[in-house]
Amino acid sequence: MSFWDVTRQLADGFGITLIIFGITLVASLPLGLIITFGSMSKIPPIKWITKVFVWIIRGTPLMLQIILIFYGPGLMNWDIMLPRLTAVLVAFIINYSCYFSEIYRGGIESISKGQYEAGQVLGMTKTQIFFKIVLFQVIKRIVPPMGNEIITLVKDTSLARVIAVTELVKAAENIIAVKSILWPLFYVGAFYLLFSALLTFLLNLAEKKMNYYSG
Amino acid sequence: MSFLEVKNIYKSFGKTEVLKGIDFSMEKGEVLAIIGSSGSGKTTLLRCMNFLETPDTGTVSVNGNVLFSSDEPPYSDAEKREKRLHFGLVFQQFNLFPQYNVLKNVSLAPELRQLKGKKLSKAEKKEIIKQIDDNSRRLLDTVGLSDKVNNYPCELSGGQQQRVAIARALALDPDILCFDEPTSALDPELTGEVLRVIRELKTSDRTMIVVTHEMNFARGVADKVIFMADGVIEEYGTPDEVFGAPKSEKTRSFLEKSLENP
């Protein structure tokens, strides 16, 4: 099997990896914020339901969640069968929203009370205080931990193979199982390394851009 | 009727009674200094007037308008926003917005206030922003920072930051400007520049309440002095009365101690 044949097959797998990565990221970033508001809510039932939900999602393996979402409905005799990729996306989005929500919460809670009070005595509304004063400071503080989580997401996409979604790792497995060759595995490693290098570069750039002030 | 009238303010946090019946009044253009040891309730009193805390009982009125009364039902956020604008507050820790430059720190609140919920043409918007901008620059000039408009708070000294905070509070033109220990977070050599600004504001007839540990400042600048102890006003009078001939034993011992460790 030629280098180019392997490249083509792995590129197909990488396409799926990118889809899982991209859609999870785009959906989880805002959804995480909503979960944050839930877990910081002043209404006890909303707060506790959200906290228990986050605890369950963060306390169980993502792989288990993927399997449950894909097979669960059928095993309960419901008349729904999610397409494999959709099941993966649902599991990833829920899982990553919860992780992001905790990072957001940490960021929001790290902003001093004085910033809110300064906004209040200047007659700003709660919404104005959040969007005009607090949010940017939160974003600046959470870029490093979010970067960690985003790099982890790149590699977590390989969990999709558990329900036979042919992402990058599964694509390589398919090749080595048939051809009995080792090197495509290293080639796969190079895909991940290059992609996370690109993301690291972008995250550093964002960090630098926001470093025009300290604090 | 006085310009500011504060009556019968009580405030507890849980079982701790912090304010136990505060009554005082002041006239327009006066400077009132509030002194007293830590925990005597000075800061809580300022925070009550600025709607950062809600008193358990009492009334606050400015210029004949009742701003707070414990007899009225709790105010909505929008009502509070309107009412609190009669007061401005300068914090001990400055609390500037780190991501905005000095000019924007001053102009942000007036901009949000004047542009919110209004349908304005681009030209009208531009005009309003320009007016606010000019006014903000003028205020920064009066606190001596016209050369720092484009700097960020982290690039300024503590004294400069506190002067920006004063300009920011003035931008909404409050009836009464409150200072919560404005120099306590500053290095000793930087307190002078902040106190000088407050002194200059006095000459422009600003009504001000200054919670302070700077006894010389209170004595030299204030028209009236309140000494607070254990949640009550222990002594009230002109600086000469309070510092020169204190009636209360508590005031005397406080003043002796503050003069020992200035």
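See the structure shown above.
The structure presented is a predicted model; accordingly, all values stated were derived computationally and were not measured. (Residues numbered from 1 in each chain as written. Chains lettered and ligands numbered in written order. Predicted model: local features only at pLDDT ≥ 70, side-chain atom pairs only at ≥ 80, totals over all residues.)

1. With respect to the overall build of chain A
Thought 1: For chain A, the count of helices and strands is 8 helices and 0 strands.
Thought 2: Summarising its shape, the C-alpha atoms of chain A cover approximately 70 × 50 × 20 Å along the three principal directions.
Thought 3: Within the span of chain A, comprising 215 residues, buried residues form 31% of the whole.
Thought 4: Nonlocal contacts in chain A, meaning residues at least 24 apart in sequence, comprise 74% of its contacts between residues at least 6 apart. (Helix = DSSP H or I, 4+ residues; strand = E, 2+ residues; numbered from the N terminus. Buried ≥ 20, exposed ≤ 12 C-beta atoms within 10 Å, placed from the backbone. Contact = placed C-beta atoms within 7 Å.)

2. Notes on the interface of chain B and chain A
Thought 1: Counting residues at the interface gives 21 residues for chain B, matched by 20 residues for chain A.
Thought 2: Only helix 2 (77-84), strand 6 (87-90) and helix 3 (102-115) of chain B provide two or more residues apiece to the side of chain B that touches chain A.
Thought 3: Counting residues per element, the side of chain B that touches chain A draws most heavily on helix 3 of chain B, which supplies 4 residues.
Thought 4: Looking at the side of chain B that touches chain A, its residues break down into 12 nonpolar, 5 polar and 4 charged. (Nonpolar A, V, L, I, M, F, W, Y, C, P; charged D, E, K, R; others polar.)

3. Concerning the environment of A:Val6
Residue and element names in this part refer to chain A.
Thought 1: Counting through the fold element by element, valine 6 comes out in helix 1 (residues 3-39).
Thought 2: The buried category is assigned to valine 6, around which 20 C-beta atoms lie within 10 Å.
Thought 3: Residues valine 6 and lysine 155, spaced 149 residues apart in sequence, show a C-alpha to C-alpha distance of 20 Å.

4. Details of helix 1 of chain A
Thought 1: In this model helix 1 of chain A runs 50 Å from its N-terminal to its C-terminal C-alpha over 37 residues, within 8% of the 54 Å that 1.5 Å per residue would give.
Thought 2: A:Ser28 marks the point of greatest bend in helix 1 of chain A, at about 35 degrees, and the proline A:Pro30 comes within the next four residues. (Expected span 1.5 Å × (residues − 1). Bend = angle between axes of the 7 residues up to and from the residue.)

5. Considering the packing of helix 1 of chain A against helix 2 (residues 44-59) of chain A
In a packed pair of helices, the relevant descriptors are the angle between the two axes and the axis-to-axis distance.
Residue and element names in this part refer to chain A.
Thought 1: Two numbers describe how helix 1 lies on helix 2: the axes approach to 7 Å, and their chain directions differ by 125 degrees. When the interaxial angle is binned, helix 1 and helix 2 end up oblique. Of the residues in helix 2, those in contact with Ile35, Gly38 and Ser39 of helix 1 are Ile46, Lys47, Thr50, Lys51 and Val54.
Thought 2: When the residues that make up the contact of helix 1 with helix 2 are grouped by side-chain class, the tally is 3 nonpolar, 3 polar and 2 charged. (Axes fitted to C-alpha atoms, helices over the stretch in contact; angles between N-to-C directions. Parallel < 35°, antiparallel > 145°, perpendicular 65-115°, else oblique.)

6. Examining the nonpolar core
Thought 1: Residues B:Ala33, B:Ala167 and B:Cys178 are the most contacted members of the largest nonpolar core, which totals 73 residues.
Thought 2: Beyond its immediate sequence surroundings of up to four residues, B:Cys178 is in contact with B:Leu46, B:Met49, B:Asn50, B:Phe87, B:Gly88, B:Leu89, B:Val90 and B:Ile209.
Thought 3: Grouped together as the second largest cluster of nonpolar side chains are 27 residues, A:Leu62, A:Ala87, A:Ile103 and A:Leu153 included. (Core = buried A, V, L, I, M, F, W, Y, C linked by C-beta atoms within 7 Å.)

7. Digging into the sheet that holds strand 2 (residues 16-26) of chain B
Residue and element names in this part refer to chain B.
Thought 1: With antiparallel pairing, the 4 strands of this open sheet are ordered in space as 2-1-4-5. Looking at which strands have only one partner, the edges of the open sheet turn out to be strand 2 and strand 5 (65-69). Across the sheet, the axes of successive neighbouring strands diverge by a mean angle of 20 degrees, strand direction being ignored. (Pairing = 2+ DSSP bridges.)

8. Observations regarding the pairing of strand 9 (residues 224-229) of chain B
Residue and element names in this part refer to chain B.
Thought 1: The element strand 9 is largely enclosed, with a buried count of 5 among its 6 residues.
Thought 2: As defined by bridge partners, strand 3 (residues 31-35) adjoins strand 9 across 4 bridges and the pair is classed as parallel. Following the sheet pairing, isoleucine 35 is matched in strand 9 by phenylalanine 227.
Thought 3: As paired elements, strand 9 and strand 10 (residues 232-237) share 5 bridges and run antiparallel to each other.

9. Things to note about the sheet that holds strand 10 of chain B
Residues and elements named next belong to chain B.
Thought 1: Spatial ordering of the open sheet is given by 6-7-8-3-9-10, a layout of 6 strands whose pairing is mixed. Single-partner strands in this sheet number two, and they are strand 6 and strand 10. Taking each pair of neighbouring strands and ignoring which way they run, the sheet shows an average axis angle of 20 degrees.
Thought 2: In terms of strand pairing, strand 7 (residues 176-180) meets strand 8 (residues 207-211) through 5 bridges, oriented parallel. Bridging from a neighbouring strand, leucine 177 pairs with methionine 208 of strand 8.

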